[in-house]
Number of protein chains: 2
Amino acid sequence: MGKYRKREGLFLAEGVRCVEQILENGIVTVEELLLDKTAGDISFLKRFDVPVYELESEDFLSISDTENSQGIIAVCQIPFEANVDELVLSEGVIIATDAIQDPGNLGTMIRTASWFDASGIIFGTGTVDSFHPKVVRSTAGATGRLAYQSGDLSKMINEFEEHGWDIVLMDRGEGSINLKEVVPDRRTLIVVGNEGRGITGKLFTSTRKKVRIDGKSEAVESLNAAVATSIALYHFAKV
Amino acid sequence: MGKYRKREGLFLAEGVRCVEQILENGIVTVEELLLDKTAGDISFLKRFDVPVYELESEDFLSISDTENSQGIIAVCQIPFEANVDELVLSEGVIIATDAIQDPGNLGTMIRTASWFDASGIIFGTGTVDSFHPKVVRSTAGATGRLAYQSGDLSKMINEFEEHGWDIVLMDRGEGSINLKEVVPDRRTLIVVGNEGRGITGKLFTSTRKKVRIDGKSEAVESLNAAVATSIALYHFAKV
């Protein structure tokens with residue numbers, strides 16, 4: 001399915017709540033719904049004007065990516081990328097992911113960023129495909145809500161900085177500031193590093209804040225990447 | 001493996017970082033380490049006094065619960081439960097889970113609660129087994145750090161309340177207060193509901209606070225349960 005998705009510019013969203021949320025959001029174009037013939041009540045779909053195809057269970061399961069399928073998949077168009085030139089002109093909070101690899105983490109970040117009404121999200125090189133079915137599932141229907149761009153973080157962050165954005169690197173290294181002491185700016189770009197090795201060295205410059213979330217690091221090495229991002233969003237977002 | 005674990009009072013922790021963290025914490029008794037013969041460098045283990053058994057890959061993989069095993073499993077003793085009678089005499093923040101079902105969510109809650117130095121965690125009836133391998137993996141080695149008790153939440157919450165604890169129900173219903181406006185008490189019990197249906201009705205009483213995390217609920221129905229818990233921990237914990 002991966003190759004098919006890429007070639008056609010499509011992604012798949014699975015599960016009743018996820019599909020319903022995407023339909024309700026009305027931002028992503030849903031081309032068609034695929035249903036398992038043996039699935040339960042899907043009468044909630046009647047209010048949406050989308051072609052529905054019922055498949056034999058065997059065929060449905062060959063497309064499904066989940067272990068316990070709920071018998072519904074939306075085939076959706078991948079939304080166009082935004083442009084950094086436009087994103088830098090916005091306000092609020094934007095997330096930048098530096099090689100986030102776990103699909104569940106990335107999906108949770110997108111979900112939380114949507115909840116806190118982030119102005120966008122930037123997927124740095126090395127970040128897992130944000131339209132991977134596992135990522136989409138973890139967004140709980142938030143996929144497509146946020147303006148996004150993929151590419152080289154270093155260049156894009158520079159552009160944000162030139163436009164007066166406060167660059168916050170989530171990092172507990174020397175000289176870092178406790179999140180609770182950071183006063184939110186009108187425009188904040190939060191950079192989150194890879195689950196294992198953190199933020200790439202070249203992204204650290206003297207003009208950028210290193211921000212940490214204080215905790216008992218002898219109990220556990222770090223917070224989960226999606227959790228740390230969510231706490232930062234809670235702190236910086238003005239919802 | 002499930003039955004074996006239960007009968008013997010053992011749990012399994014997998015992965016280099018997770019095992020190392022558990023050994024370093026020194027709270028959980030590690031009975032033995034199982035290694036895949038083809039695993040990589042495990043020289044970091046030499047400083048710990050634990051019996052090590054090398055297994056053929058086939059045997060190792062029959063025990064492993066992970067898709068991409070790192071070739072190391074610690075066989076650990078399940079720590080004894082604490083007693084609510086003791087927990088109510090402590091201070092700080094305690095988490096209570098009301099039927100949390102996703103192992104990744106529960107593990108992440110334990111990990112975050114350990115980071116924020118929570119005084120304990122209470123697993124309400126219907127919560128997934130906290131020593132399930134998938135939960136243990138998500139704790140990133142924090143398993144065993146926190147005093148815990150499993151059982152009927154209703155009774156236990158009453159006991160906390162009688163001892164002067166502030167009971168915070170994470171719920172966005174009518175009369176709920178924005179988390180940012182809640183002044184942390186010296187003793188806070190944070191109750192988190194099931195991923196789908198929230199907190200059980202009978203746990204709501206007039207003496208307990210309903211607390212919400214404000215967000216754009218038309219974009220996505222809710223925050224992930226572990227994320228909401230983590231944000232509440234960030235707010236209430238005094239680390």
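How each quantity is defined
Here the residue numbers are simple positions, counted from 1 along each chain's written sequence. Here the convention is simple: chains get letters from A, ligands get numbers from 1, in the order in which they are written. Totals for whole chains, interfaces and linings use every residue, but because this is a predicted model, local features are given only for residues with pLDDT of at least 70 and side-chain atom pairs only at 80 or more, for both listing and counting. Excluded from the side-chain calculations are hydrogens and water; all other atoms, namely the structure's heavy atoms, are used. Any two strands between which DSSP finds at least two bridges are classified as paired. Strands here mean DSSP runs of E at least two residues long; helices mean DSSP runs of H or I at least four residues long; both are numbered from the N terminus. Counted as salt bridges are all cases of a side-chain nitrogen of Lys or Arg within 4 Å of a carboxyl oxygen of Asp or Glu. To sort residues, take the accessible area from a 1.4 Å probe on protein chains only and compare it with the maximum for the residue type: under 20% means buried, over 50% means exposed, and anything in between is partly exposed. Only heavy atoms enter the contact rule, under which two residues are in contact if any of them lie within 4.5 Å. Superposition of the copies used a least-squares fit over C-alpha atoms from residues whose pLDDT is at least 70 in both. Residue ranges for the domains trace back to a domain assignment, done automatically or taken from a database. Take the accessible area each of two parts loses on contact, using a 1.4 Å probe, and add the two losses: that sum is the buried area. Lines fitted to C-alpha atoms define the axes, with helix axes restricted to the stretch in contact, and inter-axis angles between N-to-C directions lie between 0 and 180 degrees. Only four residue types enter the charge count: Lys and Arg as positive, Asp and Glu as negative, with His and the chain ends excluded. We define the nonpolar core as a collection of buried residues of types Ala, Val, Leu, Ile, Met, Phe, Trp, Tyr and Cys that are connected through side-chain atoms lying within 4.5 Å of one another. A helix is expected to reach a length of 1.5 Å times the quantity of its residues less one. For the purposes of these results, a polar contact is taken to be a pair of N or O atoms within 3.5 Å, where, inside protein, one atom must be able to donate a hydrogen and its partner to accept one; residues adjacent in sequence count only when each atom of the pair is a side-chain atom. Just so you know how the angles are binned, under 35 degrees is roughly parallel, over 145 roughly antiparallel, 65 to 115 roughly perpendicular, and the rest oblique. Each helix crossing is assigned a hand: it is left-handed if the near helix lies turned anticlockwise from the far helix by less than a right angle, otherwise right-handed if that turn is clockwise. Classification used: nonpolar for Ala, Val, Leu, Ile, Met, Phe, Trp, Tyr, Cys and Pro, charged for Asp, Glu, Lys and Arg, polar for all others including Gly.

Q: Explain the pairing of strand β11 (residues 209-212) of chain B to me, using residue names and the numbers behind them.
A: Residue and element names in this part refer to chain B. Judged from the three bridges that link them, strand β8 (residues 166-170) and β11 form a sheet pairing that is parallel. Paired with methionine 170 across the strands is valine 211, a residue of β11. Sheet topology places strand β9 (residues 177-178) next to β11; two bridges connect them, and they run parallel. Residue pairing across strands places asparagine 178 opposite arginine 212, the latter belonging to β11.

Q: How would you sum up the pattern of salt bridges? Please name residues and give values.
A: All names here are of chain A. Tallying each qualifying case throughout the model produces 20 salt bridges over all chains. Lysine 37 is the partner of glutamate 56 in a salt bridge, and the nearest nitrogen-oxygen pair spans 3.1 Å. Separated by 19 residues along the polypeptide, glutamate 56 in the loop between β3 (52-55) and α3 (57-63) and lysine 37 in the loop between β2 (30-36) and β3 bring together distant segments of the chain. Look at lysine 37 and you get partly exposed, because its relative accessible area is 46%.

Q: Lay out the interface of chain A and chain B in plain terms, naming residues and giving numbers.
A: Many analyses report the size of an interface as the accessible area lost when the parts associate. Taken together, the 38 residues of chain A in the interface contact 38 residues of chain B. Connecting chain A to chain B are four salt bridges. Note that B:Arg17 and A:Glu221 form a salt bridge whose closest N and O atoms lie 2.5 Å from each other. Going through the elements one at a time, α2 (16-25), α5 (103-115) and α8 (225-236) of chain A are the ones with two or more residues in the side of chain A that touches chain B.

Q: Can you explain the relation of the copies chain A and chain B? Please cite residues and give values.
A: With an axial shift of 0.0 Å and an RMSD of 0.0 Å, the rotation relating chain A to chain B amounts to 180°. Look at the turn and shift together and you get a two-fold axis relating the two. Of the residues that chain A buries at the interface, 100% are likewise interface residues in chain B, meaning the two copies contact each other through the same surface.

Q: Please provide a residue-by-residue account of the domain arrangement of chain A, values included.
A: Residue and element names in this part refer to chain A. The domain architecture assigned to chain A consists of domain 1 (2-77) and domain 2 (84-236). Domain 1 and domain 2 are separated by 29 Å when their C-alpha centres are compared. Of the residues lining the interface, 13 residues belong to domain 1; the matching set on domain 2 comes to 12 residues. When domain 1 packs against domain 2, the two sides together hide about 1,100 Å² of surface, and 59% of this comes from carbon and sulfur. Applying the counting criterion to the domain 1 and domain 2 interface returns one salt bridge. As a salt-bridge pair, aspartate 65 and arginine 137 come within 2.9 Å of each other at their nearest N and O atoms.

Q: How would you summarise the sheet that holds strand β4 (residues 72-77) of chain A if you had to cite specific residues and measurements?
A: Sheets are built from strands paired through backbone hydrogen bonds, the pairs being either parallel or antiparallel. Residues and elements named next belong to chain A. Spatially, four strands are ordered β1-β4-β2-β3 in an open sheet, and the strand pairing comes out mixed. Every interior strand has two partners, whereas the edge strands, β1 (10-14) and β3, have only one. Each strand axis lies, on average, 25° off the axis of its neighbour in the sheet, ignoring direction. The pairing of β2 with β4 spans five bridges and is classified as antiparallel. For leucine 35, the partnering residue across the bridge sits in β4 and is isoleucine 72. Where α2 meets the sheet, its contacts fall on β1, β2 and β4, and the angle it forms with β1 comes to roughly 125°.

Q: How would you sum up the side chain of B:Arg111? Please name residues and give values.
A: Relative to the helices and strands, B:Arg111 resides in helix α5 (residues 103-115). An unpaired buried charge is present at B:Arg111: no salt bridge exists, and A:Glu221, the closest side chain of opposite charge, is 6.7 Å distant. Those residues within four positions of B:Arg111 in sequence are excluded, and the remaining contacts are A:Val220, A:Ser222, A:Leu223, A:Asn224, B:Ser138, B:Thr139, B:Ala140 and B:Ala142.

Q: Can you lay out the nonpolar core for me, pointing to particular residues and giving the numbers?
A: Counting residues in hydrophobic clusters, the biggest one holds 112 residues, and the most contacted among them are A:Phe116, A:Ile213, A:Ile231, B:Phe116, B:Ile213 and B:Ile231. In this view, A:Ile231 contacts A:Leu179, A:Ile213, A:Leu223, B:Phe116, B:Ser230, B:Ile231 and B:Tyr234; residues no more than four positions away in its chain are not counted.

Q: Give me α5(B): which residues, what numbers.
A: Under the 1.5 Å per step criterion, the end-to-end length of α5(B) is 18 Å for 13 residues, consistent within 8% with the ideal 18 Å. With respect to burial, α5(B) is a largely interior element, 12 of its 13 residues being buried. Among all positions of α5(B), only B:Pro103, B:Asn105, B:Leu106, B:Gly107, B:Thr108, B:Met109, B:Ile110, B:Arg111, B:Thr112, B:Ala113, B:Ser114 and B:Trp115 are buried. Buried positions along α5(B) lie against α8 of chain A together with β5 (92-97), β6 (120-124), α6 (133-138), β10 (187-192) and α8 (225-236) of chain B. A side-chain oxygen of the first residue of α5(B) lies 3.0 Å from the backbone nitrogen of B:Gly104; this N-cap is B:Asp102. Directly after α5(B), the chain includes B:Asp117, whose backbone phi takes a positive value near 55°.

Q: Residues and numbers for helix α2 (residues 16-25) of chain B, please.
A: Along α2(B), the positions that sit buried rather than exposed are B:Cys18, B:Val19, B:Gln21, B:Ile22, B:Leu23 and B:Asn25. The elements touched by buried residues of α2(B) are β1 (10-14), β2 (30-36), β4 (72-77) and α6 of chain B.

Q: Any chance you could break down unusual backbone geometry for me, citing the residues and the numbers?
A: Phi at A:Asp117 is positive, roughly 55°, even though this residue is not glycine. With respect to the element layout, A:Asp117 can be found in the loop between α5 and β6 (120-124).

Q: Go over the side chain of B:Gln149 with me, naming the residues and quoting the values.
A: Residues and elements named next belong to chain B. In this structure, glutamine 149 sits in strand β7 (residues 148-151). A distance of 2.8 Å separates a polar atom in the side chain of glutamine 149 from the backbone nitrogen of valine 84. Not counting chain neighbours up to four residues away, the residues in contact with glutamine 149 comprise Glu81, Ala82, Asn83, Val84, Ile121, Ile122, Phe123 and Met156.

Q: Please give an account of the packing of α8(A) against α8(B) that cites residues and values.
A: α8(B) packs onto α8(A) with a crossing angle of 60° between their chain directions and a minimal axis gap of 9 Å. One finds that α8(A) runs oblique with respect to α8(B). Viewed along their axes, α8(A) and α8(B) form a crossing whose handedness is right-handed. Facing A:Val227, A:Ser230, A:Ile231, A:Tyr234 and A:His235 of α8(A), the residues of α8(B) in contact are B:Val227, B:Ser230, B:Ile231, B:Tyr234 and B:His235. Looking at the contact of α8(A) with α8(B) residue by residue, the class counts come to six nonpolar, four polar and no charged.

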